Amino acid sequence: MRAVPLARVSIGVEIGAALNLVAALLRYLSLAFAFPVALALGYSEPVWPFLASWAIVAGAGLGLGWLTHGKERVGVREGFLVVALTWLLAAAAISLPYLLSGEEQFSDPVNAFFEAMSGMTTTGASTLTDVSALDRSLLMWRQFSQWLGGMGIIVLALAVLPRLRVGGRQLMESELPGPELEALSTSIRETARRLWLLYVALTAILALLLAGLGWAGVDERMSLYDAVAHAFTTMPTGGFGTEPRSIEPFAPASQWVLVVFMVVAGANFALLYRAFVRGSPGALVRDQELRLYVGLLALASAVIVAILWDAGLNEGEAAFRNGVFQVVSMMTTTGYASTDFNEWLVIAPASALLLVALMFPGGSAGSTAGSIKIVRHLVIGRVLRRELDQTVHPEYVAPLRVNRVVVDERTVRAVIAFVLLYVGIFVVGAVLLLLDAHRVDLALSPFDAIAASATTLGNVGPAFGPAGPMGSFEPFSDVSKGIMIALMWIGRLEIVPVVALLTRAYWRA
């Protein structure tokens, strides 16, 4: 009998354990279909697409679980595969109702998967050209998919990725101070439960506030349905909407409420828990990442408002509201639009350039926001300052500190590597999109390609050109959509888990 190499057996066992955990996660995800089923029954709309999707996802989870075993043995190495596969398969599951609904806008499977990946990764980019044509149950499922993705990313960022030594929350554990997991609970499960409760509570509060504006007659367009739908996509910094023109049709009061909650959603959830649930508001003031986050939002808002006012695009309250709204929306990677900022590119190009630049800072680590994250910028800023100090004074030796605690050099190297990978993938994505647009004769300028790559990798949502805030990604070819699906997936998982799977070292025992 031919001997099987021990390394190959080991790898096979590890993959089986990872798949067994993925199967369990799929079974949990299948329960989410109960929500659109209830809605479809309530609105007398076709219910079978959701029932069939429920059966398919649950069946796949049960079947894969039966074929594999050992999820309790999943460690750091297997975690990379679990994280990457879970987001891919979850997006596939979310796309099933789109495909089965018979909706013409989802007749192309690539469009359906693009929409689902955009939902699961809380990106908000869409291939739909008429969102109002969807059944109410299908439209709410689209909104709900972002809420599920946001809940998932909280657990991923705060409980899973740190154990794999790759996530943004790694910076907030032993290496940096702040709302550490251990400070909330010694149990990962208990930590996740508490943060989920905070996430659910904030979603409910926002829905009630928006609905209250509708009931009071302040915003006649804001129904209870719209309030819940937008609460589902604000807290995960998602950006899907129920109107073809995003947030523009709603009253200024509703837009200001959304601004406040977008800022909250872009902050560290563990920090929010410590400040508002545990009664330590001083933690907000002491946290250097939060201070930089709020400072950047304020500075960029002031600049955009001044540009809009000077260019005559808006005046008075409208200029202030649209400027602040778009800055907050883009930097928190939510992607709502209170106005068609595509028009700014011609009249006030500096404002358009600034909006694209705001796709890169992102929100705080431990938030539902995407992109690079503020804490990484903070660490890199400290590295640059230290290098300048050592250039002037070569004998100067000082540890790098954030929040008065020393950051270890391994973490510094990890941050620099992440940012280099991020920028490299962004550039490659922009070039590929531009080349493919040329191949299919799509009118896409270099700036449009840059914006499309940045918005999908950073999980922001809208771009410029055909993919502007009131436009759609539908004109892109299937190849370009595939590139952007990959960018959304890689960006949401913070790059490293996906890149690690492509290395030979990962598959070596």
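Described below are features of the structure shown in this document. Note that the structure is predicted; figures quoted are calculated from it, not measured.

### Overview of the overall build of the protein
Link 1 in the chain: Scanning the protein for helices and strands turns up 21 helices and two strands.
Link 2 in the chain: Considered along the principal axes of its C-alpha atoms, the protein spans approximately 75 × 70 × 55 Å.
Link 3 in the chain: Counting every position in the protein, which comprises 509 residues, the buried fraction comes to 58%.
Link 4 in the chain: Intrachain contacts of the protein at a sequence separation of at least 6 include 72% that bridge at least 24 residues.

### Quick word on a nonpolar patch on the surface
Link 1 in the chain: A cluster of nonpolar side chains, contributed by Val423, Val427, Val428, Val431, Leu432 and Leu435, occupies part of the molecular surface with about 490 Å² of accessible area.
Link 2 in the chain: You can see valine 428 is positioned in helix H18 (residues 409-439).
Link 3 in the chain: Judged by relative accessible area, which is 49%, valine 428 ranks as partly exposed.

### Focus: unusual backbone geometry
Link 1 in the chain: In this structure, threonine 122 is a non-glycine residue whose phi angle is positive, near 55 degrees.
Link 2 in the chain: With respect to the helices and strands, the residue threonine 122 is situated in the loop between helix H5 (109-120) and helix H6 (136-164).
Link 3 in the chain: You will see that aspartate 441, though not glycine, has its phi angle at about 60 degrees, which is positive.
Link 4 in the chain: Locating aspartate 441 in the fold gives a position in the loop between H18 and helix H19 (446-457).

### Points about the packing of helix H10 (residues 252-265) against helix H14 (residues 316-331)
Link 1 in the chain: Two numbers describe how H10 lies on H14: the axes approach to 10 Å, and their chain directions differ by 30 degrees. Our pair here, H10 against H14, has a crossing hand that is left-handed. Taken together, the residues of H14 that come into contact with H10 (itself represented by Pro252, Gln255, Trp256, Leu258, Val259, Met262 and Val263) are Glu317, Phe320, Arg321, Asn322, Val324, Phe325, Val328 and Ser329.
Link 2 in the chain: The residue inventory of the contact of H10 with H14, partitioned by class, reads ten nonpolar, three polar and two charged.

### Description of the environment of glutamate 317
Link 1 in the chain: Summarising the element assignment, glutamate 317 is placed in helix H14.
Link 2 in the chain: Separated by 165 residues in the primary sequence, glutamate 317 and glycine 152 place their C-alpha atoms 37 Å from one another.
Link 3 in the chain: If sequence neighbours within four positions are ignored, glutamate 317 has contacts with Pro252 and Trp256.

### Some details on the packing of helix H2 (residues 34-42) against helix H3 (residues 48-67)
Link 1 in the chain: Two elements in contact, H2 and H3, have axes whose closest approach is 9 Å; the angle formed by their N-to-C orientations is 160 degrees. In terms of their interaxial angle, H2 and H3 are classed as roughly antiparallel. The chirality of how H2 crosses H3 is left-handed. Every residue of H3 that contacts H2 at Ala34, Pro36, Val37 and Ala40 is listed here: Phe50, Leu51 and Trp54.

### A closer look at the pattern of salt bridges
Link 1 in the chain: Scanning all chains against the criterion turns up eight salt bridges.
Link 2 in the chain: Ionic pairing is found between arginine 142 and glutamate 115, a salt bridge with its closest N-O pair at 2.8 Å. Taken as a pair, arginine 142 in helix H6 and glutamate 115 in helix H5 lie far apart in primary sequence, 27 residues in all. Glutamate 115 carries the same exposure label as arginine 142, and that label is buried.
Link 3 in the chain: In this structure, the salt-bridge partner of glutamate 317 is arginine 321, at a minimum N-O distance of 2.8 Å. Placement of the pair is glutamate 317 and arginine 321 together in helix H14, with a separation of four residues, close to one helical turn.
Link 4 in the chain: A residue is classified by how much of its surface remains accessible, and glutamate 317, at 40% relative accessible area, is partly exposed.
Link 5 in the chain: One continuous salt-bridge network, built from bridges that share partners, spans Lys373, Arg376 and Glu494.

Cut-off values and rules
- Residues numbered from 1 in each chain as written.
- Predicted model: local features only at pLDDT ≥ 70, side-chain atom pairs only at ≥ 80, totals over all residues.
- Heavy atoms only, no water.
- Helix = DSSP H or I, 4+ residues; strand = E, 2+ residues; numbered from the N terminus.
- Buried < 20%, exposed > 50% of the residue type's maximum accessible area, 1.4 Å probe, protein only.
- Contact = heavy atoms within 4.5 Å.
- Patch = residues over 30% accessible without salt bridge, like charges linked within 9 Å, V, L, I, M, F, W, Y side chains within 5 Å.
- Areas by Shrake-Rupley, 256 points an atom, 1.4 Å probe, with all protein chains shown as cover.
- Salt bridge = Lys/Arg side-chain N within 4 Å of Asp/Glu carboxyl O.
- Axes fitted to C-alpha atoms, helices over the stretch in contact; angles between N-to-C directions.
- Left-handed = near helix turned anticlockwise from the far one by under 90°.
- Nonpolar A, V, L, I, M, F, W, Y, C, P; charged D, E, K, R; others polar.
- Parallel < 35°, antiparallel > 145°, perpendicular 65-115°, else oblique.

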